[in-house]
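Inside the fold
Each chain, letter by letter, is given below.
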Amino acid sequence: MYDVKGNLHTILSTLPEGVRLVAISKYHPAEYIVAAYEEGQRVFGESHEQEIRLKHEQLPKDIEWHFIGHLQTNKVRYIVPYISMIEAVDSLKLLREIEKQAAKANRVIKVLLELHIAEEATKYGLTPDACRQLLADGEWRNMEHVRICGLMMMASNVDDEQQIASEFEQAADFFDEVKDTYFADDDSFCERSWGMSDDYTIAVRHRSTMVRIGTAIFGPRVY
Ligand SMILES: *Cc1c(COP(=O)(O)O)cnc(C)c1O
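Now for a look at the structure at hand. (Residues numbered from 1 in each chain as written. Predicted model: local features only at pLDDT ≥ 70, side-chain atom pairs only at ≥ 80, totals over all residues. Heavy atoms only, no water.)

Quick look at the pairing of strand 8 (residues 210-213)
Consecutive side chains of a regular strand alternate in pointing toward one face of the sheet and then the other. With burial as the criterion, each face of strand 8 is covered, one bearing M210 and R212 and the other bearing V211 and I213. Across 4 bridges, the pairing between strand 1 (residues 20-24) and strand 8 is parallel. Each bridged residue has a counterpart across the sheet, and for L21 the counterpart in strand 8 is V211. (Buried < 20%, exposed > 50% of the residue type's maximum accessible area, 1.4 Å probe, protein only. Helix = DSSP H or I, 4+ residues; strand = E, 2+ residues; numbered from the N terminus. Pairing = 2+ DSSP bridges.)

The following block contains the structure:
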């Protein structure tokens, strides 16, 4: 096995106070998660509905599961009974479905709005304008089973650290705008989920509160 425990400690020791680690375990076997769990890690992220369901069934029930990938509306009902946070909400349609299914399950689901700032056209997410529109529309205010807790974003997959830093900075500025406009009195709107294996050291210098790290803990994924 990859040195999961050693890698985990190395990363945790470099994270500033106030930054939480979401260990991204997609495509890695349950025993890797157990290794991290034994060291005290409780928050894990997955991006496929079936994989996360199986792992949730097999593994300790005090694990906090985050769904981090693109989520199709027809999959929402499968994960809502146990998911703690859905990190990548990128449409009102998806938000409505989460509200509907969470109401049925009598749960409140924490969500992040996924912001698209990176230059790649392939990435999912809401542009700042689309995000402004979704919030201005106000329908979310009536959703009693959804709690919008902040923003999530992925920087461009490039070597240029300046560009990556600038994208995180734009996301942080946008967070402030949204916080001031809509969530000034809502303490649960506090999360800035950015930073992955290759760029989390930059992300934490640009106000990340939550890093999503897979490869640097568990090694390369075997697809
Ligand atoms: C896979 C994934 C990660 C983790 O990526 P690593 O480079 O392995 O750290 C983080 N965020 C999202 C949305 C992912 O899909």
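We are not done yet, so read on.
Brief notes about the environment of G18
On the secondary structure map, G18 appears in the loop between helix 1 (4-14) and strand 1. Of the residues examined, G18 reaches a relative accessible area of 62% and is grouped as exposed. Remark: the alpha-carbon pair of G18 and I83, spanning 65 residues in sequence, is separated by 22 Å.

A look at the side chain of H66
Mapped onto the elements, H66 comes out in strand 3 (residues 64-67). Residue H66 is classed as buried on the basis of its relative accessible area, which comes to 1%. A polar atom in the side chain of H66 sits 2.8 Å from the side chain of E87. (Polar contact = N/O pair within 3.5 Å; in protein donor to acceptor, adjacent residues only side chain to side chain.)

Details of the pairing of strand 6 (residues 146-153)
For strand 6, the buried fraction is high: 7 of the 8 residues fall into the buried class. Judged from the 7 bridges that link them, strand 5 (residues 109-115) and strand 6 form a sheet pairing that is parallel. Bridge pairing links E114 to M152 in strand 6. When strand 6 meets strand 7 (residues 191-193), the two strands line up parallel, connected through 3 bridges. Note that in strand 7 the partner of G150 across the bridge is E191. As a crossover connection, the stretch from strand 6 through helix 7 (residues 161-182) into strand 7 is right-handed. (Right-handed = clockwise from strand over helix to strand, strands pointing away.)

Concerning the pattern of salt bridges
The tally for this structure, following the rule as stated, stands at 11 salt bridges. Measuring nitrogen to oxygen at the nearest pair gives 2.8 Å for the salt bridge that ties K55 to E46. Exposure remark for E46: the relative accessible area of 0% places this residue in the buried category. A salt bridge links E49 to R53; the shortest N-O distance between them is 2.6 Å. Of this pair, E49 and R53 both sit in helix 3 (residues 49-58), 4 residues apart, roughly one helical turn. Take R53: its relative accessible area is 31%, and that puts it in the partly exposed class. Through salt bridges with shared partners, one network takes in K5, E38 and E39. (Salt bridge = Lys/Arg side-chain N within 4 Å of Asp/Glu carboxyl O.)

A closer look at helix 6 (residues 128-137)
For helix 6, the full list of buried residues reads C131, L134 and L135. The buried residues of helix 6 occupy an angular sector of 90° when projected down its axis, which confines them to one face. Seen from the buried face of helix 6, the exposed residues on the opposite side, beyond 90 degrees, are D129, Q133 and A136. Contact partners of the buried residues in helix 6: helix 5 (92-104), strand 5, strand 6 and helix 7. Positioned one or two residues after helix 6, G138 has a phi angle of 85°, which is positive. (Arc of directions from axis to C-beta. Contact = heavy atoms within 4.5 Å.)

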